Amino acid sequence: QVQLVESGGGLVQAGGSLRLSCAPSGRTFRSYVMGWFRQAPGSEREFVSAISWSATTTYYADSVEGRFTISGDNAKKTVYLQMNSLKPEDTAVYYCASSHTVLGFPRAPRSFDDWGQGTQVTVSS
């Protein structure tokens, strides 16, 4: 198991932007897919966006497509999430995650093996 470290969360007004970063800590690891989830109070953890390193493809949840952009560096296994036009409903703890066991385009949390501790994103109205 590898620890991932997120950064870049904070408090922002509706319509504003934030950029999240995620990088592994410790030993290097194999990653097929790396991306972001979020969890609001009282809600299930939900998929946000991910990169398939093997397919060189990015994909998104419908709720954020067009507003969020994921990018990354395969060699460094580092990913970023540029969040624009933020809405109060985007408020959540955002988690970075990586899968070294599932190929394709996974969206379920159970498909991911390594996780960060999360970074809080709060969007005020």
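See the structure above.
The structure presented is a predicted model; accordingly, all values stated were derived computationally and were not measured. (Residues numbered from 1 in each chain as written. Predicted model: local features only at pLDDT ≥ 70, side-chain atom pairs only at ≥ 80, totals over all residues. Heavy atoms only, no water.)

1. Some points on the nonpolar core
Here's step 1: With 36 residues, the main nonpolar core has Met34, Trp36, Phe68, Val79, Leu81, Met83 and Tyr94 as its most contacted residues.
Here's step 2: Going through the elements one at a time, strand 3 (18–25), strand 4 (33–39), strand 5 (46–52), strand 6 (57–60), strand 7 (68–73), strand 8 (78–83), strand 9 (92–99) and strand 11 (119–124) are the ones with two or more residues in this core.
Here's step 3: When residues of this core are assigned to their parent elements, the largest contribution, five residues, is made by strand 9. (Core = buried A, V, L, I, M, F, W, Y, C linked by side-chain atoms within 4.5 Å. Buried < 20%, exposed > 50% of the residue type's maximum accessible area, 1.4 Å probe, protein only. Helix = DSSP H or I, 4+ residues; strand = E, 2+ residues; numbered from the N terminus.)

2. Some remarks on the state of the cysteines
Here's step 1: In this structure the tally under the stated criterion is one disulfide.
Here's step 2: Paired through a disulfide, Cys22 and Cys96 show a sulfur-sulfur distance of 1.9 Å. In this structure the cystine formed by Cys22 and Cys96 twists about its S-S bond by roughly -80°; its chirality is therefore left-handed. Taken together, the residues Cys22 in strand 3 and Cys96 in strand 9 connect sequence positions 74 residues apart.
Here's step 3: Look at Cys96 and you get buried, because its relative accessible area is 0%. (Disulfide = S-S within 2.5 Å.)

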